[in-house]
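As a plain string of letters, each chain reads:
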Amino acid sequence: MAKRQVFYSFQYIPDNWRVSQVRNIGHVEDNKPVSDNKWEEVKQKGDQEIQKWIDENLKNRSCTVILVGENTAKRKWIDYEIEKSWNDGKGVLGIHIHNLKNSIGVQSNKGANPFEHFTLDNGKKKLSSVVKCYNPPYAISTNVYNYIKENIEIWIEEAITIRNNY
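Since the model is a prediction, treat every value here as computed from it, not as a measurement. Residues take numbers from 1 onward in each chain, read along the sequence in its written order. Only residues with pLDDT of at least 70 get local features here, since the model is predicted, and only at 80 or more are side-chain atom pairs given and counted; chain-wide, interface and lining totals rely on the full set of residues. Excluded from the side-chain calculations are hydrogens and water; all other atoms, namely the structure's heavy atoms, are used.

Participant: What is the right way to look at the state of the cysteines in this model?
Facilitator: Should the sulfur atoms of two cysteines be covalently bonded, the bond is a disulfide. Note that a disulfide, as used here, is simply two cysteine sulfur atoms within 2.5 Å. With the rule as written, the count across this model stands at zero disulfides. With no disulfide partner, cysteine 63 has as its closest neighbouring cysteine sulfur the one in cysteine 133, 12 Å distant.

Rendered as C-alpha coordinates:
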(Lines give C-alpha, C1' and ligand atoms only; values in the text may rest on other atoms or scores of the structure.)
Protein backbone atom coordinates (compact mmCIF):
# COMPACT_ATOMS: atom_id res chain seq x y z
CA MET A 1 0.00 0.00 0.00
CA ALA A 2 1.37 3.43 -0.92
CA LYS A 3 2.11 5.85 1.86
CA ARG A 4 -0.39 8.68 2.10
CA GLN A 5 0.24 12.29 2.89
CA VAL A 6 -1.79 12.92 6.01
CA PHE A 7 -2.60 16.02 8.02
CA TYR A 8 -2.81 15.39 11.77
CA SER A 9 -5.18 17.57 13.75
CA PHE A 10 -4.93 17.67 17.55
CA GLN A 11 -4.88 19.87 20.62
CA TYR A 12 -1.20 20.63 21.11
CA ILE A 13 -1.30 20.87 24.86
CA PRO A 14 -1.95 18.36 26.48
CA ASP A 15 -1.80 15.79 23.66
CA ASN A 16 1.47 16.48 21.83
CA TRP A 17 3.30 13.53 23.46
CA ARG A 18 0.50 11.09 22.62
CA VAL A 19 0.30 12.51 19.10
CA SER A 20 4.04 12.11 18.55
CA GLN A 21 3.68 8.39 19.23
CA VAL A 22 1.06 8.04 16.48
CA ARG A 23 2.95 10.25 14.05
CA ASN A 24 6.09 8.15 14.53
CA ILE A 25 4.36 4.92 13.55
CA GLY A 26 5.68 5.44 10.02
CA HIS A 27 2.88 3.87 8.02
CA VAL A 28 1.93 7.17 6.47
CA GLU A 29 4.18 9.70 4.84
CA ASP A 30 6.01 11.69 7.46
CA ASN A 31 5.03 15.29 7.85
CA LYS A 32 7.12 17.21 10.29
CA PRO A 33 5.30 18.54 13.32
CA VAL A 34 5.38 22.25 13.89
CA SER A 35 7.76 23.19 16.69
CA ASP A 36 6.50 24.86 19.87
CA ASN A 37 8.25 28.08 18.89
CA LYS A 38 6.88 28.12 15.34
CA TRP A 39 3.32 27.40 16.52
CA GLU A 40 3.54 30.21 19.11
CA GLU A 41 4.84 32.52 16.39
CA VAL A 42 1.90 31.64 14.11
CA LYS A 43 -0.62 32.01 16.96
CA GLN A 44 0.70 35.45 17.91
CA LYS A 45 -0.01 36.74 14.41
CA GLY A 46 -3.72 36.10 14.87
CA ASP A 47 -6.53 34.10 13.36
CA GLN A 48 -5.82 35.02 9.75
CA GLU A 49 -2.26 33.66 9.99
CA ILE A 50 -3.43 30.51 11.79
CA GLN A 51 -5.98 29.87 9.05
CA LYS A 52 -3.35 30.53 6.38
CA TRP A 53 -0.95 28.08 8.08
CA ILE A 54 -3.64 25.39 8.29
CA ASP A 55 -4.70 25.91 4.67
CA GLU A 56 -1.09 25.67 3.50
CA ASN A 57 -0.45 22.50 5.49
CA LEU A 58 -3.64 20.84 4.23
CA LYS A 59 -2.51 21.22 0.62
CA ASN A 60 -1.58 17.96 -1.09
CA ARG A 61 -2.91 15.89 1.80
CA SER A 62 -5.33 13.08 1.01
CA CYS A 63 -6.64 12.59 4.53
CA THR A 64 -6.99 14.43 7.82
CA VAL A 65 -6.61 12.36 10.99
CA ILE A 66 -8.09 13.94 14.10
CA LEU A 67 -6.21 12.57 17.10
CA VAL A 68 -8.89 12.83 19.75
CA GLY A 69 -7.82 13.69 23.27
CA GLU A 70 -9.92 14.57 26.27
CA ASN A 71 -10.76 18.13 25.10
CA THR A 72 -10.36 17.94 21.32
CA ALA A 73 -14.03 18.21 20.31
CA LYS A 74 -15.43 21.65 19.52
CA ARG A 75 -12.08 23.43 19.51
CA LYS A 76 -12.13 26.30 17.04
CA TRP A 77 -9.18 25.32 14.86
CA ILE A 78 -9.82 21.59 14.99
CA ASP A 79 -13.38 22.29 13.83
CA TYR A 80 -11.97 24.44 11.05
CA GLU A 81 -9.61 21.63 9.97
CA ILE A 82 -12.46 19.09 9.96
CA GLU A 83 -14.78 21.33 7.95
CA LYS A 84 -12.11 22.43 5.48
CA SER A 85 -10.85 18.88 4.97
CA TRP A 86 -14.34 17.50 4.34
CA ASN A 87 -15.31 20.38 2.06
CA ASP A 88 -12.06 19.98 0.11
CA GLY A 89 -12.87 16.30 -0.53
CA LYS A 90 -10.26 14.81 1.79
CA GLY A 91 -10.76 11.67 3.80
CA VAL A 92 -11.43 12.42 7.46
CA LEU A 93 -11.24 10.13 10.48
CA GLY A 94 -10.72 10.27 14.20
CA ILE A 95 -8.65 8.13 16.55
CA HIS A 96 -9.12 8.36 20.32
CA ILE A 97 -5.69 8.63 21.97
CA HIS A 98 -6.66 9.01 25.64
CA ASN A 99 -5.24 5.61 26.62
CA LEU A 100 -1.79 6.38 25.23
CA LYS A 101 0.48 7.58 28.02
CA ASN A 102 1.92 11.07 27.95
CA SER A 103 5.54 11.98 28.75
CA ILE A 104 5.07 11.31 32.47
CA GLY A 105 3.18 8.05 31.98
CA VAL A 106 -0.34 9.37 32.51
CA GLN A 107 -3.42 8.48 30.49
CA SER A 108 -6.40 10.85 30.17
CA ASN A 109 -10.16 10.64 29.99
CA LYS A 110 -11.86 9.79 26.71
CA GLY A 111 -12.92 12.85 24.76
CA ALA A 112 -16.15 13.40 22.83
CA ASN A 113 -16.49 12.54 19.15
CA PRO A 114 -15.39 15.72 17.32
CA PHE A 115 -17.67 14.95 14.35
CA GLU A 116 -20.87 14.80 16.38
CA HIS A 117 -21.81 18.49 16.06
CA PHE A 118 -21.30 18.73 12.28
CA THR A 119 -24.11 18.02 9.85
CA LEU A 120 -24.41 17.09 6.20
CA ASP A 121 -27.22 17.31 3.65
CA ASN A 122 -28.60 20.58 5.01
CA GLY A 123 -28.65 19.33 8.58
CA LYS A 124 -30.34 16.01 7.87
CA LYS A 125 -27.40 13.79 8.79
CA LYS A 126 -24.64 14.01 11.38
CA LEU A 127 -21.08 13.87 10.07
CA SER A 128 -20.41 11.34 12.84
CA SER A 129 -22.74 8.91 11.05
CA VAL A 130 -20.43 9.00 8.02
CA VAL A 131 -16.95 9.71 9.36
CA LYS A 132 -15.48 7.06 11.63
CA CYS A 133 -13.91 7.80 14.98
CA TYR A 134 -11.97 4.79 16.23
CA ASN A 135 -11.53 3.97 19.89
CA PRO A 136 -8.82 1.32 20.38
CA PRO A 137 -10.33 -1.38 22.62
CA TYR A 138 -7.44 -1.53 25.08
CA ALA A 139 -6.52 0.17 28.35
CA ILE A 140 -2.79 -0.58 28.27
CA SER A 141 -0.86 2.06 26.35
CA THR A 142 1.39 -0.36 24.45
CA ASN A 143 -1.66 -2.32 23.28
CA VAL A 144 -3.35 0.90 22.15
CA TYR A 145 -0.23 1.89 20.23
CA ASN A 146 0.02 -1.52 18.56
CA TYR A 147 -3.67 -1.46 17.64
CA ILE A 148 -3.31 1.94 15.99
CA LYS A 149 -0.11 0.82 14.26
CA GLU A 150 -1.81 -2.29 12.85
CA ASN A 151 -4.87 -0.40 11.58
CA ILE A 152 -4.02 3.20 10.70
CA GLU A 153 -3.28 2.53 7.03
CA ILE A 154 -6.57 0.67 6.62
CA TRP A 155 -8.49 3.43 8.40
CA ILE A 156 -6.93 6.12 6.20
CA GLU A 157 -7.76 4.24 3.00
CA GLU A 158 -11.30 3.65 4.25
CA ALA A 159 -11.74 7.35 5.12
CA ILE A 160 -10.62 8.35 1.62
CA THR A 161 -13.02 5.82 0.07
CA ILE A 162 -15.89 7.07 2.26
CA ARG A 163 -15.26 10.66 1.21
CA ASN A 164 -14.88 9.78 -2.46
CA ASN A 165 -18.17 7.90 -2.41
CA TYR A 166 -20.18 10.49 -0.50
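Participant: What's the story with the side chain of serine 108 in this structure? I'm lost.
Facilitator: Inspection of the secondary structure puts serine 108 in the loop between strand 3 (91-96) and strand 4 (119-120). We call a residue buried when its accessible area falls under 20% of the maximum for its residue type, exposed when it is over 50%, and partly exposed in between, using a 1.4 Å probe and counting protein chains only. What makes serine 108 buried here is its relative accessible area of 18%. Contact definition: two residues touch when any of their heavy atoms are within 4.5 Å. In contact with serine 108, other than residues within four places in its own chain, are Arg18, Glu70, His98 and Asn99. Working definition: helices are DSSP H or I runs of at least four residues, strands are E runs of at least two. Numbering for both runs from the N terminus.

Participant: I keep staring at the packing of aromatic side chains and nothing clicks. Help me out?
Facilitator: What characterises a pair of aromatic rings is the spacing of the ring centres plus the angle enclosed by the ring planes. Only rings of Phe, Tyr and Trp enter the pairing, Trp through its six-membered ring, and a pair is recorded when the two centres are within 6.5 Å. The plane angle decides the type: under 30 degrees is stacked, over 60 is edge-to-face, the rest tilted. Per the stated rule, a full pass over the model turns up six aromatic pairs. The interplanar angle of 10° and the centroid separation of 4.1 Å between the aromatic rings of tyrosine 134 and tryptophan 155 together place this pair among those described as stacked. Of this pair, tyrosine 134 sits in strand 6 (residues 133-134) while tryptophan 155 sits in helix 5 (residues 141-165), and the two are 21 residues apart along the sequence. You'll find tyrosine 134 and tryptophan 155 in the same group, each marked buried. Judged by centre distance (5.8 Å) and plane angle (55°), the ring pair of tyrosine 147 and tryptophan 155 falls under tilted. Through pairs of rings, three or more aromatic residues link up here, namely Tyr134, Tyr138, Tyr147 and Trp155. Distance and angle both matter: a charge sits over a ring if NZ of Lys or CZ of Arg is within 6 Å of the ring centre and within 35 degrees of the ring normal. The cationic tip of arginine 163 hangs over the ring face of tryptophan 86; the distance from NZ or CZ to the ring centre is 4.1 Å.

Participant: Can you help me understand the sheet that holds strand 6 in this one?
Facilitator: Strand pairing in a sheet relies on backbone hydrogen bonds, with the paired strands running either antiparallel or parallel. When DSSP finds two or more bridges between a pair of strands, those strands are recorded as paired. An order of 1-2-3-6 is seen for the four strands of this open sheet, with the pairing classed as parallel. Each edge of the open sheet is held by one strand with a lone partner, namely strand 1 (6-9) and strand 6. Bridge analysis of strand 1 against strand 2 (residues 63-68) gives four bridges, and the strand direction is parallel. Bridge pairing links phenylalanine 7 to threonine 64 in strand 2.

Participant: Can you walk me through the packing of helix 3 (residues 47-58) against helix 4 (residues 76-87) in this structure?
Facilitator: To describe two helices that pack against each other, one gives the angle between their axes and the distance between the axes. Lines fitted to C-alpha atoms define the axes here, with helix axes fitted over just the stretch in contact, and angles between the N-to-C directions of these axes take values from 0 to 180 degrees. Contact geometry of helix 3 with helix 4 gives a least axis separation of 11 Å together with a crossing angle of 40°. Between helix 3 and helix 4, the crossing angle belongs to the class labelled oblique. Crossing angle aside, the handedness with which helix 3 passes helix 4 is right-handed. For the pair helix 3 and helix 4, contact is made by Asp47, Ile50, Gln51, Ile54, Asp55 and Leu58 and by Lys76, Trp77, Tyr80, Glu81, Lys84 and Ser85, respectively. Residues were grouped as follows: Ala, Val, Leu, Ile, Met, Phe, Trp, Tyr, Cys and Pro as nonpolar; Asp, Glu, Lys and Arg as charged; and all remaining residues, including Gly, as polar. Tallied by class, residues from the contact of helix 3 with helix 4 come to five nonpolar, two polar and five charged. Here the angle decides the label: under 35 degrees means roughly parallel, over 145 means roughly antiparallel, 65 to 115 means roughly perpendicular, and every other value means oblique. By the definition used in this description, the sense in which the near helix is turned from the far one sets the handedness, with an anticlockwise turn below a right angle giving left-handed and a clockwise turn giving right-handed.

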